Amino acid sequence: MPMIFLLLAMAAIGHVVFWASIVNRLHAIAIGRHWIDAATMLCALAMGILPLAITYLFWQRGVDLSTSSAVGGARAAWWYIYFAACVSLFAAAHRLWLTLHPERRGVLHSNHTSRVDFRCQRGDLFAPGVPTLLGRIPGNQFVDLLIHEKRIKTPRMPAGCELRIVHLTDLHMSGRITKKYFEQLAEAVNALEPDLVLITGDLVECEQCLSWLPDTLGRLRAAEGVYFVLGNHDRRIDHQRLLHALGAQGLIHVGGTCRELTVRGTPVAIAGNELPWFGPSPMATDLPPRDSNGLPLRLLLAHTPDRFAWACGHDFDLVLAGHNHGGQVRLPLLGAILAPSLSGVRYASGSFRRGNTVLHVSRGTGGLTPFRWNCPPEIVLLVLE
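Small disclaimer: the values here were computed from a predicted structure and weren't measured.

How each quantity is defined
- Residues numbered from 1 in each chain as written.
- Predicted model: local features only at pLDDT ≥ 70, side-chain atom pairs only at ≥ 80, totals over all residues.
- Heavy atoms only, no water.
- Helix = DSSP H or I, 4+ residues; strand = E, 2+ residues; numbered from the N terminus.
- Rg over C-alpha atoms; globule rule 2.2 N^0.38 Å.
- Buried < 20%, exposed > 50% of the residue type's maximum accessible area, 1.4 Å probe, protein only.
- 1 Å grid on protein atoms, 1.4 Å probe; cavity = no way out; pocket = protein on both sides within 12 Å on 5 of 7 lines; lining within 4 Å.
- Points joined across faces, edges and corners; volume = space filled by probe spheres on them.
- Nonpolar A, V, L, I, M, F, W, Y, C, P; charged D, E, K, R; others polar.
- Polar contact = N/O pair within 3.5 Å; in protein donor to acceptor, adjacent residues only side chain to side chain.
- Contact = heavy atoms within 4.5 Å.
- Pairing = 2+ DSSP bridges.
- Right-handed = clockwise from strand over helix to strand, strands pointing away.
- Phe/Tyr/Trp six-rings, centres within 6.5 Å; stacked < 30°, edge-to-face > 60°.

(A) Up close: the overall build of the protein chain. What the protein chain contains, in helices and strands, is seven helices and 15 strands. Scaling as 2.2 N^0.38, a compact globule of 385 residues should have a C-alpha radius of gyration of about 21 Å, and the protein chain matches this with 23 Å. Taken along its principal axes, the extent of the C-alpha atoms in the protein chain is 75 × 50 × 35 Å. Counting the 385 residues in the protein chain, one finds 53% classified as buried.

The following block contains the structure:
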């Protein structure tokens, strides 16, 4: 009997992981929002109804946990339990493989963490209504904003030089978190005195929040400018109007293009890949050729980490991405469950290296649902050395 309960526990985990993995892949492709929402709802229904249906079948048969006498629907339920338990075992092995994968090793030279101290009450950062109620849930870290200073060794960086890059992503200005949060976020970024601020999409969710830009993103300051690409949620409003509003605040759009500049004497090329939601990607001919020292450094802004392979194929030095929010809710041992990527939770957040290409995936500073658990928002200062 204990083995049966262990099997059922494993099946419960595998059941959630299986349907969550389908949702992850759905949200990584560029199809109509209504189709994604409908498919997500079906997966959510399956996640909730299947355990109830299986429980009902067992209850109807007197909680018969014997497979030998199971027939009809009860037999099908057992086959699904076995399948879900196998998914659980596979997921555990896969998580272990990801943890030990070489692409996670030796990327960061150091990582220093500090916290943003807001000059207002925590409750003032959540909008009235449901967001305020969510903000009162114990353990909700949605506005527990951290600053991570991460030092990364870049082989092509000239000796004795360094670049200070602030990576922002996934602000999701929707009105559910108040303007004060984003105003003080901008102040925290400016205090870091970066050479560049690079933003990787999902900026504004609704038209009324466009009026926030002058006092939020418009106040960002960096010695060599603020550059950005759009994300999938930026399609929810007129993105041409959004581009115009951001441009009016001095932010530079690099989606589908490449910009060349010199930062602290180091030649740098900044490109943007907004696929699969906006296109096209930069052409190989858009990228400046490297000199005998391997310069310019190639930096890619991409909303989703699914562009990692493309970046490696085009010999980028650094790829910045978001989209996955670090999972937004991270469970003990299991970690992230939801990460809208073709790779699932593999690149939920963190730093990764393939050859000379480093991928940094930020947990982001916001989200459409104002709830985070074991996954606080972050501003990341990357120091390339």
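Let's pick the thread back up.
(B) Seen up close, empty space enclosed by the protein. By the definition in use, this model includes one cavity of 30 Å³ or more. For the largest cavity, the calculated volume is near 30 Å³. Broken down by element, the lining of the largest cavity gets its largest block of residues, three residues, from helix 3 (residues 72–100). A breakdown of the residues in the lining of the largest cavity according to their chemical character gives five nonpolar, no polar and one charged.

(C) Layout of the side chain of serine 341. Within the secondary structure layout, serine 341 lies in the loop between strand 12 (335–336) and strand 13 (350–354). Overall, the relative accessible area of 0% leaves serine 341 in the buried class. A polar contact of 3.0 Å, which involves the side chain of serine 341, links it to the backbone nitrogen of serine 343. If we ignore the near neighbours within four places in the chain, the residues touching serine 341 are Asn24, Arg25, Ala28, Asp306 and Asn324.

(D) Focus on the pairing of strand 5 (residues 226–229). Every second residue of strand 5 is oriented toward a common face, with Val226 and Phe228 on one face and Tyr227 and Val229 on the other, all of them buried. Taken together, the two bridges between strand 5 and strand 6 (residues 252–253) define a ladder with parallel strand orientation. Within the sheet, the bridge partner assigned to tyrosine 227 lies in strand 6 and is isoleucine 252. Once you follow strand 5 into helix 6 (residues 239–248) and on to strand 6, the crossover reads as right-handed.

(E) Structural view of the sheet that holds strand 2 (residues 146–152). Within the open sheet, the seven strands sit side by side as 1-2-15-3-4-5-6. Their pairing is mixed. In this open sheet, the two strands that pair with only one neighbour each are strand 1 (108–115) and strand 6.

(F) Representation of the packing of aromatic side chains within the structure. All told, the structure shown has eleven aromatic pairs when counted by the stated rule. Where phenylalanine 18 meets tryptophan 19, the ring centres are 5.1 Å apart and the plane angle is 80 degrees; that geometry is what we call edge-to-face. Geometrically, the ring pair formed by tyrosine 347 and phenylalanine 352 is edge-to-face, given 4.9 Å between the ring centres and 85 degrees between the ring planes. By the burial criterion, tyrosine 347 is buried, and phenylalanine 352 matches it. One aromatic cluster in this structure is built from Phe18, Trp19, Tyr80 and Phe83.

Nothing here speaks to function; it is geometry throughout.
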